[in-house]
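Structure assessment
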Amino acid sequence: MKNIVLTGFMGTGKTEVGRELAKITGLKFVDIDSEIEKAEAMTVAEIFRRFGEQRFRAAETEMIERISRQQNVIISTGGGAVMRQRNMDVLKKTGIVVCLTATPETILRRTSGTNERPLLQVENPLDKIRELLMLRMHFYALSDIVIDTEEKTPLRVAEEIVDKIRHLDAGEI
Ligand code: S3P
């Protein structure tokens, strides 16, 4: 069976939905950012602060390649992973890529209250969210399945994903 890969902007619920999906399907859940943090013994915010975004992106690509060698896993990726063609190629080769979406306002609400996300530590995070969404929109659209998470619980989103995958030729869950 192919992996299930969750992508989408920060705050679209990839981690929570991934955990629900793991419960429903019995598959293992792997979060790329958490794996990077374990491997580097540092938080993502710390990697950005000490070494810059480029170093984080390199670690991200390396981890995506490593985790994609596994089968039957649910992989949650960081919101910027789609920007590198190489990441998408690797993820698509072994997995069904599912993109979660939400409005900029919902993203702001879900991401405020934590300073874990270095890209949103700016004076006007809503403007930054809109700007990054514009830049990334067409990369997210390359996913196999796109699901709106607005006003839905992570469980409901996970159930929708299972349903959609069952309707795809490639899906056998
Ligand atoms: C990023 C998203 C974050 C994390 C890093 C960069 C991005 O992951 O990878 O802060 O570029 O959108 P989440 O989408 O899980 O918050």
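Since we're looking at a predicted model, the values are computed, not measured.

The subject of this paragraph is the sheet that holds strand S1 (residues 3-8). The strand order across the open sheet built from five strands is S2-S3-S1-S4-S5, with neighbouring strands paired in parallel fashion. At either margin of the open sheet sits one strand with a lone partner, and together these are strand S2 (28-31) and strand S5 (145-148). Strand-to-strand twist of the sheet, defined as the mean angle between neighbouring strand axes without regard to direction, takes the value 25 degrees. Sheet topology note: the strand S4 (residues 95-101)/S5 ladder contains four bridges and is parallel.

Among the secondary structure elements, Thr-111 is positioned in helix H6 (residues 104-111). A polar atom in the side chain of Thr-111 sits 2.7 Å from the backbone oxygen of Ile-107. Setting aside residues up to four positions removed in sequence, Thr-111 forms contacts with Met-10, Gly-11, Arg-117, Leu-120 and Ile-129.

With that settled, the discussion passes to the packing of aromatic side chains. Enumeration according to the criterion identifies one aromatic pair in this entry. Their ring planes at 40 degrees and their centres at 5.1 Å tell us that Phe-48 and Phe-56 sit as a pair that is tilted. Classification of Phe-56 as buried rests on a relative accessible area of 3%. Arg-55 extends its terminal NZ or CZ atom over the ring of Phe-51, reaching a point 4.3 Å from the ring centre.

Before going further, it helps to examine the nonpolar core. In this structure, Phe-9, Ile-32 and Ile-36 are the most contacted members of the largest nonpolar core, which totals 32 residues. Of all the elements in the fold, those that place two or more residues in this core are helix H2 (32-40), helix H3 (44-51), helix H4 (53-67), strand S3 (73-76), helix H5 (85-94), S4 and helix H7 (125-140). Those residues in contact with Ile-36 that lie beyond four places of it in its chain are Ala-41, Ile-47, Phe-56, Ala-59, Glu-60 and Met-63. Formed by 17 residues, the second largest nonpolar core is a distinct cluster that contains Ala-22, Leu-100, Val-157 and Ala-158.

What counts, and where the lines are drawn
Each chain carries its own residue numbering, running from 1 in the written order of its sequence. Per-residue local features of the predicted model are confined to residues with pLDDT of at least 70, and side-chain atom pairs are confined, for both listing and counting, to 80 or more; whole-chain, interface and lining totals are unaffected and use all residues. The side-chain quantities take in all heavy atoms of the structure and omit both hydrogens and water. Pairing between two strands is assigned when DSSP locates at least 2 bridges connecting them. Elements are defined by DSSP. Helices are runs of H or I of four residues or more, strands are runs of E of two residues or more, and each kind is numbered from the N terminus. In this analysis an axis means a line fitted to C-alpha atoms, helices contributing only their contacting stretch, and an angle means the value between N-to-C directions, from 0 to 180 degrees. Here a polar contact means two N or O atoms within 3.5 Å. Within protein one must be a hydrogen donor candidate and the other an acceptor candidate, and residues neighboring in sequence count only if both atoms are side-chain atoms. Any two residues whose heavy atoms approach within 4.5 Å at even a single point are treated as in contact. A pair of aromatic rings is counted whenever rings of Phe, Tyr or Trp (Trp by its six-membered ring) have centres within 6.5 Å, and the orientation is called stacked for planes under 30 degrees apart, edge-to-face for over 60 and tilted otherwise. Only protein chains enter the accessibility calculation, which uses a 1.4 Å probe. A residue is then buried if its area is under 20% of the maximum for its type, exposed if over 50%, and partly exposed in between. Lysine and arginine charges are scored as sitting over a ring when NZ or CZ, respectively, is within 6 Å of the ring centre and within 35 degrees of the ring normal. Put simply, a nonpolar core is a bunch of buried Ala, Val, Leu, Ile, Met, Phe, Trp, Tyr and Cys residues held in one set by side-chain atoms that sit within 4.5 Å of each other.

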